Amino acid sequence: MIPTYFLMLREGLEAALIVGIIAAYLARIGRRDMLPMVAGGVAAAVGLSVVVGVVVVATVGRLPVVVQETLEGLAGLAAVAVLTWMLFWMRRQGRALKGELEHGVDAALGAGGAMALVALAFVAVAREGLETVLFLLAVITSAGAGVDTLIGGLLGLATAVGFGLAIFVGGARVNLRQFFTVTGVVLIFVAAGLLAFAVGALGEAGLIVNSGTAYNLNGVLPDSTPLGNILRGLFGYRSQPTPLEVVAYLLYLVPVLTLFVVGRPSLRRRVVATG
Amino acid sequence: MAVVRQAASAAGLITLLAIGLAACGGSTAGSSASTAPVVRISASEYAFDPATVDVGAGPVTFEVTNAGTVEHEFEILDADDGVVDEVEGLVPGLTRDLTVDLEPGTYTYVCRIAGHEAAGMKGTLTVDG
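First, a word on what this report is: a plain description of the structure on this page. Small disclaimer: the values here were computed from a predicted structure and weren't measured. (Residues numbered from 1 in each chain as written. Chains lettered and ligands numbered in written order. Predicted model: local features only at pLDDT ≥ 70, side-chain atom pairs only at ≥ 80, totals over all residues. Heavy atoms only, no water.)

### Remarks on the interface of chain B and chain A
No. 1: Each side of the interface is counted separately: chain B has 36 residues, and chain A has 35 residues.
No. 2: Between chain B and chain A the total buried area reaches about 2,800 Å² when both faces are included, carbon and sulfur atoms providing 66% of it.
No. 3: Linking chain B with chain A are three salt bridges.
No. 4: Among the ionic pairs, Glu71 of chain B bridges to Arg10 of chain A, the shortest N-O distance being 3.3 Å.
No. 5: Linking chain B with chain A are five residue pairs in polar contact (both at pLDDT 80 or more).
No. 6: Among the elements of the structure, α1 (2-35), β6 (83-90) and β7 (95-102) of chain B are those that each provide at least two residues to the side of chain B that touches chain A. (Contact = heavy atoms within 4.5 Å. Buried area = accessible area lost by both parts, 1.4 Å probe. Salt bridge = Lys/Arg side-chain N within 4 Å of Asp/Glu carboxyl O. Polar contact = N/O pair within 3.5 Å; in protein donor to acceptor, adjacent residues only side chain to side chain. Helix = DSSP H or I, 4+ residues; strand = E, 2+ residues; numbered from the N terminus.)

This is the structure:
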């Protein structure tokens, strides 16, 4: 029960975090009318995962590693792309805010922004959805795995959903500028982890060479422990990553975080101040 | 509404793609699974039982059961440590099947969960021509 709980929690946390932030963001800028569309994106991803999962099990039983890892790798790259776009789009909106005058951004959420938020909710859920459905179907059909295994898995997913709801509720209470900054920084770590994950998946698919060990923290914090699982689910933490995964993580994290925290607008302010 | 429509059509497209992929795989994997010999492997802390497997070339079905108390994986690697195929998410008590078409050669099977391979979860798979 416990191992299944943490497995499903790990699979669900990241999607819950992303969808929770999107929903909290929309609520904060006074666009609660968009929430049903985001929910629709999530529902479409869940529905698609269930349909494809059932079809796969009924026909071939399972996906060959090349297909599964290629899909996961490409979905990871797609998620990084949309997430990065959203980060800087949210940041522009954040800069436009004057203190707590949140209504200033009402008009800014055009069709493109709405589309991207719905697409991100869809990709975030669909990315882990198929693997989750295939796993749960295996648990249901396996004689050796008892009901407690299934219950553990469902509780893990429920915890992840609860985490997403907590972000949605909590996001409505913090200062809006803090909300933009904190969620932005958190999402940059998430995206860096996603990129490293995509490298790992494409490596397992045999599409790129991704071997070796950059460092080994299995003796300190294995990613199989409860805390390791949570960090892995949210930020792509691995206790024994390959050099390429570390490079991908840092190549994303350092420049994007730098741009996000000390990017152009503050530069512009400095120019104005000295000029 | 346009957004919902576009999301729906994208979802439809991905469904078709996935069903197509599944259908392509079905012609080979489906037929081979019915005739493939079955090798039962038990995973626990921290060993595979048996630790050496000898099979003939062609399709083989591995029935991997987690007889331990923590999560495990079963990954078949070729001589260059490339992943041939794998079963992930093996929680205690769970059995998952893996049918692979193997060419003659020497392979290893490992558990890639943090520290498990180093602790002894490693086996040798010999495929005779």
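Back to the text.
### Some remarks on the packing of helix α6 (residues 176-204) of chain A against helix α8 (residues 243-262) of chain A
All names here are of chain A.
No. 1: Where α6 contacts α8, the axes come no closer than 8 Å and their chain directions differ by 155 degrees. Taken together, α6 and α8 sit at an angle that is classed as roughly antiparallel. Both α6 and α8 take part in a crossing whose hand is right-handed.
No. 2: Here the contact of α6 with α8 is built from residues that sort into 17 nonpolar, four polar and one charged. (Axes fitted to C-alpha atoms, helices over the stretch in contact; angles between N-to-C directions. Parallel < 35°, antiparallel > 145°, perpendicular 65-115°, else oblique. Left-handed = near helix turned anticlockwise from the far one by under 90°. Nonpolar A, V, L, I, M, F, W, Y, C, P; charged D, E, K, R; others polar.)

### Observations concerning the packing of helix α1 (residues 2-28) of chain A against helix α7 (residues 226-235) of chain A
Residues and elements named next belong to chain A.
No. 1: The N-to-C vectors of α1 and α7 enclose an angle of 35 degrees; their axes lie 7 Å apart at closest approach. Read as a crossing pair, α1 and α7 show a hand that is right-handed. Here α1 contributes Phe6, Leu9, Arg10, Leu13, Glu14 and Leu17 to the contact with α7, which in turn contributes Pro226, Asn229, Ile230, Arg232, Gly233 and Leu234.
No. 2: Looking at the contact of α1 with α7 residue by residue, the classes come out as seven nonpolar, two polar and three charged.

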